[in-house]
Amino acid sequence: IPLITASILSKKLAAGLGSLVLDVKVGNGAFMERPRDAAALASSLVEVAEGAGLKATALVTGMSEPLASAAGNALEVRNAADFLAGRRRDRRLEQVTMALAAEMLQSAGIANSNREALARAMEALESGRAAAAFGRMVATLGGPADLVERPEKYLPAAPVEREVTAAQNGFVTGIATREVGLAVVALGGGRRQPEDRIDLAVGLSRLLPVGAYVGVGEPLALVHARSEDDADAAAAMVRAAYGIGQSKPAPGKTVLRRIASFA
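Treat the numbers as computed from the prediction; the structure is a model and nothing was measured.

1. Let's talk about the nonpolar core
- Counting residues in hydrophobic clusters, the biggest one holds 26 residues, and the most contacted among them are Leu204 and Val223.
- Of all the elements in the fold, those that place two or more residues in this core are strand 3 (160–165), strand 4 (170–175), helix 8 (177–189), strand 7 (219–225) and helix 9 (228–241).
- No other element matches the five residues that helix 9 contributes to this core.
- Each residue touching Val223, except ones within four places of it in the same chain, is listed here: Val160, Glu161, Arg162, Val164, Leu187, Gly203, Leu204, Ala231, Ala234 and Ala235.
- Membership of the second largest hydrophobic core comes to 20 residues, among which are Leu59, Met98, Ala101 and Ala102.

Encoded structure:
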């Protein structure tokens, strides 16, 4: 934990921030799988940041299932564009995004309460101001000004798409999230070695969340691959990562804990 704290905060402190909000993940897809370890890391980050004169808070958020329905570089950008434009908003992604945005507004002194901050963040999202701000950022960095409106025009697409189908009827009772991420790496969407080139087009979309009902032969996810063999291998990994049962699990919390100033 001290090494992770130093690695993360050295960069944040060097940036000269006015305040800092951290999202510390916990669960089977996170570096810290146990709640007590995630809480210890979050506490260390906040305590050291505050000791260095940087106001900081941390939210511990769940990562025992994918945060959104997409995984992979271009596919996640498309998911973010759809989120900002209101075409599709995954429930867990919206919960975490709004919680972090509200925390940042309070840390910056723009809002006086969590309720006010959430209302302001939602207004920016629903009014289109958030999408417009993101569009300006993309254009300023040399990208297209209409990426949010027309992501399919600019983002690369993989030539092979393969549905991952369920082998039985039932509810999604759990997802081995790290295995889903490794499926993306196996497709070429992440590096195994530092010199590996990343394929921006490959990945997964339409990932069903925990609690969703699926019938035999119905899709759990859609694989985007460079070849048929890659698609087959990734589909097998994703299918194995999904647990299917007859009892619908209770919805889990997305934001599990807030850790604030030690002053």
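2. A short note on the pattern of salt bridges
- Applying the stated criterion across every chain yields a total of 16 salt bridges.
- For Asp37, the salt bridge identified is with Arg34, shortest N-O distance 2.8 Å.
- When its relative accessible area of 43% is taken as the criterion, Arg34 is described as partly exposed.
- A salt bridge links Glu126 to Arg89, with the shortest nitrogen-to-oxygen separation between them at 3.0 Å. Placement of the pair is Glu126 in helix 5 (residues 114–127) and Arg89 in the loop between helix 3 (73–85) and helix 4 (91–107), with a sequence separation of 37 residues.

3. So, the environment of Gly128
- Structurally, Gly128 is set in the loop between helix 5 and helix 6 (129–140).
- Looking at Gly128, the relative accessible area reads 28%, which means it is partly exposed.
- Separated by 44 residues in sequence, Gly128 and Leu84 have C-alpha atoms that sit 7.4 Å apart.

4. Observations regarding the packing of aromatic side chains
- Enumeration over the complete set of coordinates arrives at one aromatic pair.
- Measuring from ring centre to ring centre gives 5.2 Å for Phe171 and Tyr213, while their planes differ by 75°; the resulting arrangement is edge-to-face. Note that Phe171 is positioned in strand 4 and Tyr213 in strand 6 (residues 213–214), a separation of 42 residues in sequence.
- The ring of Phe83 is capped by Arg89, whose NZ or CZ atom sits 5.6 Å from the centre of that ring.

The rules behind the values
Residues numbered from 1 in each chain as written. Predicted model: local features only at pLDDT ≥ 70, side-chain atom pairs only at ≥ 80, totals over all residues. Heavy atoms only, no water. Core = buried A, V, L, I, M, F, W, Y, C linked by side-chain atoms within 4.5 Å. Buried < 20%, exposed > 50% of the residue type's maximum accessible area, 1.4 Å probe, protein only. Helix = DSSP H or I, 4+ residues; strand = E, 2+ residues; numbered from the N terminus. Contact = heavy atoms within 4.5 Å. Salt bridge = Lys/Arg side-chain N within 4 Å of Asp/Glu carboxyl O. Phe/Tyr/Trp six-rings, centres within 6.5 Å; stacked < 30°, edge-to-face > 60°. Lys NZ or Arg CZ within 6 Å of the ring centre and 35° of its normal.

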